[in-house]
Structure formats: structure tokens, C-alpha cells
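# Analysis of the macromolecular model
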Amino acid sequence: MAVSALDLGREKQLLKFFPEPVRLHLLYTARHHGFKMSDLISKFDKVGRFVVIVYLESGTMKGGYLSERPESYFQEDKGAFVFEIDHQKANVFPVVKHRDSIIFNNQYNNENLAFGHCLKIYNNKDKTLCVDVKEDDTYTPTGWSEELEVPFMDVELHRIQSVGDVLLNPWRELSWTEKGGGSLRKNLVSFKPACQSLNRVRVLLMGPPGSGKSSFINSVRSVMFGRVLLLPFIGTATKGLIKKLKSYDIRSERGGKPTALTLCDVLALGEGETTGLTLTDALTVIKGHAPEGHKFQSDVPIKAETSGYRPNPSVNDQIHCAVFVLNACQVMTTSEDLTRTLRTLQAEISGLDIPQVVLLTHVAQVCHAVQEDVKFVYSSRILQEKMQKAAEVVGLPLSYVLPVKNYSSELSVSCNTDILLLSAVHHILQAVDDTYEEYCPPTPADASPVTV
């Protein structure tokens, strides 16, 4: 993993050059990504503000700021500046001649990025990164003497992030370490319901088309197997593809024993009672009457005459936690009909004394910082607002909303994504224990079929 050479003291001095509170996000370091101009250029995001830092062998740090991604050969940038920081002082030199503030070339054999003629980063004839410094009249006089191919130790590229988008301190705490992830995984593998009458915990996922129900199931299984599973395509289309009640045991590893967790998928929710999973069928599934594999039809509700119908389901046939799955990209524009459906479901399920939570998916698609690293999920103002909206849409407190990032385009698992997924699973299991420890009989001998 790339690590910045910027120490806390010099970082604070650099951040003072900006009129508003900001933070840095490392995109490139030559020591990690390669000492070639093409390596540096490839790390620029499509949009954003950027700082380039050169660490000279003398111990001085020089660099420049761009208020947008470099695109053209001569680029006007009224906010650009160059700077110099050493152990005694920190100086900033704002641009004077805007027209030539940024000079950029990404043509092969002649790649370079320059702040006027004060600071130039380029490839030499050996295709190795080089740095030239001098003074010119594009920026406020720097007093820098001309030095070609100045000796340096590293070059870094950082994206500037507004503190308005990313909080300095997360509003929820989570241990983003391999040890923390291992602990969450171990807790799932060893989990046994506090209520001894429960053989396992059945969790029902409900949400509109494209919410990520099926992807969440696949992602949790990927976490446990240690690699992204390439399973049959089962449900990312806008209309949703899951039509049947399907239960998935979550195993400790490939070929391993099932954990106490079963995730259940159903037909996607629709706009009202005429499309998608109906309120009647949802409650029938939750109460344990619906048979495994039942094919849902909006105009044909599950009833006593339905093949496989359980007239007297046991507590182990029932659903033990209802999970509403919402897409962070769509939650702010949730229709009135879907909101009404979700709130009606939430109210009916509350009457059954069954715990409920909300999973907010696609979180990396609504926040740039989270896209770079999901550990910013609880530092993102944007996500905090979307989680509040998700709570409002369903009618549950914000503390019941759990953000997750499903595996979709990745081919391998990552530690922080695993941690976020396992954290959501952990809270779901805790919610079940908190509820059923009070309501369930204490021993298997006392359990009896439940008639609903």
C-alpha cells in the first residue's frame, strides 16, 4: 500500500495555504507506483483539485497546486500556486500570469507537467522522472535559483478533499484492521443464537429492483471464501431477476460447515400491491408459511391451498430479522408509492416483534472518498445524509441503517470491504439476539409449533 512521506508538521503547513479546511488523499508516490511520468499522469482523477509534492534530497519540499485536472498544453488556472516548505519556514507563491500557469503534455516521449517555468516534472532521455526548478514571472517571485535535474527522493500526487465532504472525525467507529476483520469473521463462524430454541438465524432481504439484495448475499459468501465468487447472474437488472423464495446458508469456508446465518432472497418490492412482492406475501414469508422455492406472482397470493404451505410453522421456519435493502444512488428520489410500501411493511413487521434493519448499498458510487477506500464510509457527509434519508424512507432510527459495499466489478476481496460487510452481518445477528433472548423459550424442550 502506498504511504505518503508527508509528516504531520509539514502537512499542517501545507494545509494552511488553502482558504478553507481541506484534507489530502494520496493518489501517487513515485517510490511505490514508479519513477515515470506516465505513472504519475495515470493517477490523476477525472475531476478534482490536486497537489504535486517533490521531496528534495536537501530536505526541502517544493510543489504546486492545480484547481482542476490538467488537460491542455497551456492551461489557465487562476487558483494555482507553487510552494516551498522546509523545517524553518513555509512559503506560498500565487500565480500572476493565469494563462500559462499550468503547462501539460501527455504525449509519449515528451510527457511533462509544469507550473509555469518554476517547477517542471518530466521524463529524461532514459524515461526516468526528473525535476527542474527556477524562478520566472508566471508566479509571485520565488527566489529559486535555476537547477536542472535537481536531486530528489520522491514525488507525490494528492487529491484535495473538502472537509465539507469528509469529516475530520468519523461519526461511527469501526476497526479497519486485518485483526478487526478477522475478529468479525470469527464471531460469525462461532455464532450461536442466544435463544436456544433457534437452530439458525433466517434473515429476509427485501428491496426494490437494483437495490443489491442478491449481490449482498454473494458478497458475504465471497468474504467467507476469501475470493469473489463468480456465481450465476442472479439479480442486478432494473426489473430484478429473483422470482422465488431462495435461502442461502452462509458457510465458514468453501466446503465448510454452515454458520448459524441463512440469508433469504425474494421477489423485489414493487410500486404498491400490483407489482413485485406484495405486503401479504412478505408477511406470509416472515411468519414461516411460505415453502422454499415458492414462485411469487403478484396476482396470486400465498394461501393455505398453495403447494408446500406450512399451516403451523415452527420458530425455525420463521424469519428472525427483516432487512430493507436500499440503493444509495436512488434513495434520495424514492417514490411516494415505494415509500408507502416500505413504511407499511415496517409497521406490520414491528407488530410481529421481529427486529428490522436497513442496508444501504452502492455507497462507493455516491462519494469519491468512499470509492477510493470504504474506511471513509462513516466520515462522509454525503453518505450520512443518504443514511438519514434511508432511515426516514423506511421509518426506522438512523442507528438501524448499515452501509455496505457489495463486490461487483472486483475480482478479489479487500480487507476494508470485508470489514464493512461483516460489520453489517454482526449488527444483524446482534439485533436477533437482543430480540429473541427476551421472547424465545430458553431451551429446545420448551419450543413448540407456532400458529399464526
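In the block above lies the structure referred to throughout.
Described below are features of the structure shown in this document. Every value quoted in this text rests on a predicted model; they were computed, and no experiment measured them.

Cut-off values and rules
Residues numbered from 1 in each chain as written. Predicted model: local features only at pLDDT ≥ 70, side-chain atom pairs only at ≥ 80, totals over all residues. Heavy atoms only, no water. Phe/Tyr/Trp six-rings, centres within 6.5 Å; stacked < 30°, edge-to-face > 60°. Helix = DSSP H or I, 4+ residues; strand = E, 2+ residues; numbered from the N terminus. Pairing = 2+ DSSP bridges. Axes fitted to C-alpha atoms, helices over the stretch in contact; angles between N-to-C directions. 1 Å grid on protein atoms, 1.4 Å probe; cavity = no way out; pocket = protein on both sides within 12 Å on 5 of 7 lines; lining within 4 Å. Points joined across faces, edges and corners; volume = space filled by probe spheres on them. Nonpolar A, V, L, I, M, F, W, Y, C, P; charged D, E, K, R; others polar. Salt bridge = Lys/Arg side-chain N within 4 Å of Asp/Glu carboxyl O. Buried < 20%, exposed > 50% of the residue type's maximum accessible area, 1.4 Å probe, protein only. Contact = heavy atoms within 4.5 Å. Patch = residues over 30% accessible without salt bridge, like charges linked within 9 Å, V, L, I, M, F, W, Y side chains within 5 Å. Areas by Shrake-Rupley, 256 points an atom, 1.4 Å probe, with all protein chains shown as cover. Lys, Arg positive; Asp, Glu negative; His and termini not counted. Charge placed at Lys NZ, Arg CZ, Asp CG, Glu CD. Parallel < 35°, antiparallel > 145°, perpendicular 65-115°, else oblique. Expected span 1.5 Å × (residues − 1). Arc of directions from axis to C-beta.

## Details of the packing of aromatic side chains
For the coordinates displayed, the defined rule picks out 11 aromatic pairs. Ring centres 6.3 Å apart and planes at 35° place the aromatic pair F35 and F152 in the tilted group. One end of the pair, F35, is in the loop between α2 (30-33) and α3 (37-42); the other, F152, is in strand β11 (residues 152-162), with 117 residues separating them in the sequence. Taken together, a centroid distance of 5.7 Å and an interplanar angle of 85° make the contact between W171 and Y378 edge-to-face. Placement of W171 in the loop between β11 and α4 (178-190) and of Y378 in the loop between α8 (368-372) and α9 (381-394) is noted, with a sequence separation of 207 residues between them. Here the aromatic cluster, defined as three or more aromatic residues joined through ring pairs, consists of F17, F18, Y65, F81 and F83.

## With respect to the sheet that holds strand β17 (residues 401-403)
Read from one edge of the open sheet, six strands run β13-β14-β12-β15-β16-β17, paired in mixed fashion. Because the sheet does not close on itself, it has two edges, and the strands there are β13 (246-251) and β17. For this sheet the average axis-to-axis angle between neighbouring strands, irrespective of direction, equals 30°. Judged from the five bridges that link them, β13 and strand β14 (residues 258-265) form a sheet pairing that is antiparallel. Directly across from K246, in β14, lies its bridge partner D265.

## Comments concerning the layout of surface pockets
If you add up the space inside the largest pocket, you get close to 850 Å³. Every residue lining the largest pocket is counted, 28 residues in all, and those nearest its centre are L24, H25, L26, K375 and F376. If you list the elements that add at least two residues to the lining of the largest pocket, you get α1 (8-15), β1 (22-29) and α2. Among the elements that take part in the lining of the largest pocket, β1 stands out by supplying seven residues, more than any other. Along the lines of polarity and charge, the residues of the lining of the largest pocket split into 14 nonpolar, six polar and eight charged.

## Thoughts on the pattern of salt bridges
Enumeration over the complete set of coordinates arrives at 15 salt bridges. In this structure, R69 engages E71 in a salt bridge whose closest nitrogen and oxygen atoms are separated by 3.0 Å. According to the relative accessible area criterion, E71 is exposed, its value standing at 54%. The closest approach of N and O atoms between R99 and D100, which form a salt bridge, is 2.8 Å. The exposure class of D100 is partly exposed, given its relative accessible area of 25%.

## Thoughts on unusual backbone geometry
Backbone phi values are negative for most residues with the exception of glycine, while trans is the configuration of most peptide bonds. Positive phi is not limited to glycine here, since E149 has a value of about 45°. The phi angle at H362 is positive, at roughly 60°, despite the residue not being glycine. In this fold, H362 is placed in the loop between β16 (356-361) and α8. Residue H362 is classed as partly exposed on the basis of its relative accessible area, which comes to 23%.

## Some points on the environment of A30
Along the chain, A30 falls in helix α2. Distance from A30 to M153, taken between C-alpha atoms, is 8.8 Å for residues 123 residues apart in sequence. Beyond its immediate chain neighbours, meaning those up to four positions away, A30 contacts F35, L129, D154 and V155.

## Overview of a positive patch on the surface
Residues K243, K244, K246 and K295 make up a contiguous surface patch of positive charge. Inspection of the secondary structure assignment puts K295 in the loop between α6 (279-287) and β15 (321-327). Residue classification places K295 among the exposed positions, given a relative accessible area of 54%.

## Concerning the packing of helix α7 (residues 336-350) against α9
Running from N to C, α7 and α9 point in directions that differ by 70°, and their axes come no closer than 7 Å. One way to sum up the angle between α7 and α9 is to call them roughly perpendicular. For the pair α7 and α9, the contacting residues are T339, L342, R343 and Q346 in the first and E392, V393 and V394 in the second. Among the residues forming the contact of α7 with α9, the class breakdown is three nonpolar, two polar and two charged.

## Considering the sheet that holds strand β5 (residues 81-85)
Taken in spatial order, the six strands make up an open sheet running β1-β11-β2-β3-β5-β6, and their pairing is antiparallel. Edge positions in the open sheet fall to β1 and β6 (90-94), since each of these has one partner strand only. Across this sheet, the average inter-strand angle for adjacent strands is 25°, counted without regard to direction. Relative to β11, β1 is paired through seven bridges, and the arrangement is antiparallel.

## Details of the side chain of Q346
Here Q346 shows up in helix α7. Overall, Q346 belongs to the buried group, its relative accessible area being 12%. In contact with Q346, other than residues within four places in its own chain, are F324, Q356, V394, G395 and L396.

## A closer look at α7
Helix length check: α7 (15 residues) gives 21 Å between terminal C-alpha atoms against 21 Å at 1.5 Å per residue, within 8%. Buried within α7 are the following residues: L338, T339, T341, L342, L345, Q346 and I349. One face of α7 carries all of its buried residues, which in axial projection span an arc of 160°.

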